[in-house]
Each structure stands twice: as structure tokens, then as C-alpha cells.
Amino acid sequence: MKPKHGRRKKHNKKLLLACGAKLNDDGTDAGGGVYLVDVDTREEAQALIDADPFHKDGDLFERVTITRWRKAYLDGQCYI
């Protein structure tokens, strides 16, 4: 299943600003992850989640929270 998940991220790389697993301070897995995506609507964000193989297979996502954010500073560039 991981290769399918990896292909999906590569397919959406234009929308994906960053992603990764959440970690405890000692570097161990804290459970869950974070995706920062560049989309215009909540529906587009939800569509990305719905299409994720881990979500579709019911193997990973216990809960998903979608939160809007303002891109103020990213990749060395100021946006405000």
C-alpha cells in the first residue's frame, strides 16, 4: 500500500507544500501526520483526502481535521 500512497503524493506534488509524520520530542512516532496543501477550497482539500489510498482503504486515518491557514512565510519568501 505504501507505493500507492507515494505515487498519489507525487501526482499531487503541485498542491502539496509539505507533509510528514508527527513525532515526539525523542523522535519516536507520535501517531498521525500533517499535510500542508495549496488549494482554494475546503472541497478541494477534502477531495485530496478522499482520494488518498490510506483513507480509501480505511487503514490509517482515524480522524481528519481540515484547517485553513494564511501563507505568510514559506520557502524563504514573505507573502504578506
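Reading the values: rules and limits
As a convention, each chain's residues are numbered from 1 in the sequence order in which they are written. Per-residue local features of the predicted model are confined to residues with pLDDT of at least 70, and side-chain atom pairs are confined, for both listing and counting, to 80 or more; whole-chain, interface and lining totals are unaffected and use all residues. Only hydrogens and water are set aside when side-chain values are computed; all heavy atoms of the structure are taken into account. Only DSSP runs of H or I covering at least 4 residues are called helices, and only runs of E covering at least 2 are called strands; the numbering of each starts at the N terminus. Categorising residues by exposure relies on relative accessible area from a 1.4 Å probe, with only protein chains included: less than 20% of the type maximum marks a residue as buried, more than 50% marks it as exposed, and the intermediate range marks it as partly exposed. Here, two residues are considered to be in contact whenever any of their heavy atoms come within 4.5 Å of each other. Criterion used throughout: strands pair if DSSP finds at least two bridges between them. Salt-bridge detection follows one rule: a side-chain nitrogen of Lys or Arg within 4 Å of a carboxyl oxygen of Asp or Glu. As a per-residue measure, pLDDT tells how confident the predictor is, with possible values from 0 to 100. By arc we mean the arc of the directions from the helix axis to the C-beta atoms, nothing more.

## Some points on the overall build of the chain
Alright, step 1. Helices and strands together make up the secondary structure of the chain, namely three helices and four strands.
Alright, step 2. Relative to its full complement of 80 residues, the chain shows a buried share of 11%.
Alright, step 3. The long-range fraction of contacts in the chain, counting pairs at least 24 apart against all pairs at least 6 apart in sequence, stands at 32%.

## What about the pairing of strand β1 (residues 16–23)?
Side-chain positions along a regular strand alternate between the two faces of the sheet.
Alright, step 1. Alignment of β1 against strand β2 (residues 29–37), held across six bridges, turns out to be antiparallel. Looking at the pairing, Leu-23 lines up with Asp-29 of β2.
Alright, step 2. Connecting β1 to the next strand, β2, in antiparallel fashion are five residues, including Gly-27 with a positive phi near 90°.

## Observations regarding the pattern of salt bridges
Alright, step 1. Under the defined criterion, the tally for this structure stands at one salt bridge.
Alright, step 2. The closest approach of N and O atoms between Asp-38 and Lys-71, which form a salt bridge, is 3.9 Å. Highlighted residues: Asp-38 in the loop between β2 and α2 (42–51) and Lys-71 in the loop between α3 (53–56) and β3 (73–74), separated in sequence by 33 residues.
Alright, step 3. Overall, Asp-38 belongs to the partly exposed group, its relative accessible area being 37%.
Alright, step 4. With a relative accessible area of 25%, Lys-71 lands in the partly exposed category.

## Some points on the confidence of the model for the chain
Alright, step 1. On average, residues of the chain score 83 in pLDDT, and 84% of them are at 70 or above.
Alright, step 2. By mean pLDDT, the top-scoring element of the chain is strand β4 (residues 77–78) (95), and the lowest-scoring one is helix α1 (residues 2–11) (54).

## Considering α2
Alright, step 1. If you check which residues of α2 are buried, you get Ala-45, Leu-48 and Ile-49. Buried residues of α2 fall within an arc of 95° about the axis and therefore sit on the same side.
Alright, step 2. Of the surrounding secondary structure, the elements contacted by the buried residues of α2 are β2 and α3.

## Focus on unusual backbone geometry
Alright, step 1. Residues other than glycine seldom take positive phi values, yet Asp-75 does so here, at roughly 55°.
Alright, step 2. When you line up the elements, Asp-75 lands in the loop between β3 and β4.

## Quick notes on the environment of Asp-38
Alright, step 1. Linking Asp-38 and Trp-69, residues 31 residues apart in sequence, is a C-alpha distance of 9.9 Å.
Alright, step 2. In contact with Asp-38, other than residues within four places in its own chain, are Leu-15, Leu-17 and Lys-71.

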